[in-house]
Amino acid sequence: MPSPPVTAAAAGTWKLADRTVHRMGFGSMRITANPDRELALTVLRRAVELGVNHIDTAAFYFSPGGTLRVGSGPTRYATELIREALWPYPEDLVIATKVGPGYDPVTGAFMQALTPAALRAQVEENLRRLGRDHLDVVNLRILKKPGHDSVAERFGVLAELRDAGLIRHLGLSNIRADHLDEAAAIAPVVCVQNSYGLDNNRQDDALLRICGERGIAFVPFFAIAGARREDGAGSDHDAALWDVAHAHGVTPHQVRLAWTLHQGPHVLAIPGTGDPDHLVDNIAAGALRLSPAEVARLDSLVVEDAAAPADGRQVDPAHRARTE
Ligand SMILES: NC(=O)c1ccc[n+]([C@@H]2O[C@H](COP(=O)([O-])OP(=O)(O)OC[C@H]3O[C@@H](n4cnc5c(N)ncnc54)[C@H](OP(=O)(O)O)[C@@H]3O)[C@@H](O)[C@H]2O)c1
């Protein structure tokens with residue numbers, strides 16, 4: 001008889017302030033790219049059946065025209081798919097969303113909401129599309145600028161909305177350590193969500209450690225896609241990844257995910273997939289236990305800067321502009 005699938009509980013738990021979540025969650029950015037709406041709903045429902053109780057989303061995850069700019073036909077919002085698939089929401093489900101960027105309706109440019117009114121409107125849009133009267137976690141997602149780029153005013157707006165009861169907990173995304181310090185002086189920060197993985201943005205090793213020391217969850221995105229980012233998972237993997245994968249009878253993608261979870265008990269995974277089999281594999285990766293020697297071998301892989309992929313591949317600047 002086949003053994004039952006591994007559940008998200010295998011990855012262990014973390015407390016996002018007063019909410020306990022399994023460390024293996026789900027990222028919903030890619031579900032809107034699936035032309036098969038029913039399949040997208042199935043993946044979301046299956047994730048929750050398999051114990052996922054931490055789902056990441058954003059009101060700007062929509063197709064066509066949204067973050068991934070794929071597909072055609074009627075607009076599908078990730079937040080609305082989540083509502084359709086999962087309403088009434090399970091008690092233990094934490095939905096983390098993000099505000100900050102949005103698409104200019106005229107030019108289609110991915111731009112930063114800078115005014116308090118614009119941020120409030122984004123929070124309200126999330127509430128409306130998710131069908132909730134409060135948001136569990138809202139990350140202020142910034143677009144990086146060189147030099148000092150204060151988050152104080154924008155984070156202050158979200159802190160006010162938190163005080164007003166529209167938001168339970170606050171986080172930050174795409175940030176540096178100085179942004180974290182600035183925000184934490186205004187209101188508690190429960191999570192930091194940055195692009196990070198085995199061979200992606202390893203300069204954030206230090207930020208990941210700082211978060212651990214302060215009891216803040218570090219939530220990497222592109223943990224599987226790595227330096228390929230919006231282009232999704234690759235099929236070329238370093239020999240070390242293959243060796244570790246073969247030793248455990250799993251895929252290199254699962255090893256990438258497991259590696260992130262081995263970076264600390266405060267690291268939460270939010271892999272994104274529209275494929276039910278990949279979903280099962282990803283959740284199973286939460287049960288993978290890598291030996292110190294395996295982690296060390298993986299760590300010795302070429303450290304790539306996300307801005308300069310080691311394979312020499314040119315990243316589409318339009319893609320980069322959407323996420324930095
Ligand atoms: N804060 C931010 O600025 C930000 C930015 C980007 C993303 N995010 C969040 O982070 C989440 C994760 O990022 P992501 O979805 O872009 O990237 P990811 O989780 O690193 O990787 C997703 C890619 O890997 C593939 N994949 C997933 N599981 C796989 C498996 N087991 N085997 C083989 N291929 C697999 C997916 O394709 P298939 O669909 O074919 O499985 C897709 O191409 C997003 O969904 C979103 O919620 C946040």
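Residues numbered from 1 in each chain as written. Predicted model: local features only at pLDDT ≥ 70, side-chain atom pairs only at ≥ 80, totals over all residues. Heavy atoms only, no water.

A.B. asks: How would you summarise the pattern of salt bridges if you had to cite specific residues and measurements?
C.D. replies: Opposite charge on two side chains lets them pair, provided their charged atoms get close. What the rule picks out here adds up to 17 salt bridges. As a salt-bridge pair, arginine 19 and aspartate 136 come within 3.4 Å of each other at their nearest N and O atoms. Taken together, the positions of arginine 19 in strand β2 (residues 19-22) and aspartate 136 in strand β10 (residues 135-141) put the pair 117 residues apart, joining distant regions of the chain. The closest approach of N and O atoms between glutamate 160 and arginine 120, which form a salt bridge, is 3.4 Å. Of the two residues, glutamate 160 is situated in helix α4 (residues 152-163) and arginine 120 in helix α3 (residues 116-130); the sequence distance between them amounts to 40 residues. By relative accessible area, which is 47% here, glutamate 160 ends up partly exposed. Taking the relative accessible area as the measure of exposure, arginine 120 reaches 31% and is therefore partly exposed. By sharing partners, the salt bridges in this structure join Arg19, Arg132 and Asp136 into a single network. (Salt bridge = Lys/Arg side-chain N within 4 Å of Asp/Glu carboxyl O. Helix = DSSP H or I, 4+ residues; strand = E, 2+ residues; numbered from the N terminus. Buried < 20%, exposed > 50% of the residue type's maximum accessible area, 1.4 Å probe, protein only.)

A.B. asks: Report on the UniProt feature "domain: NADP-dependent oxidoreductase" (unreviewed entry) in the protein, specifying residues and quantitative values.
C.D. replies: This chain's UniProt record puts "domain: NADP-dependent oxidoreductase" (unreviewed entry) on residues 23-301. Counted over residues 23-301, helix gives 37% and strand 15%. Its end C-alpha atoms are 25 Å apart. (UniProt positions renumbered as here; feature names shortened; annotations may be inferred.)

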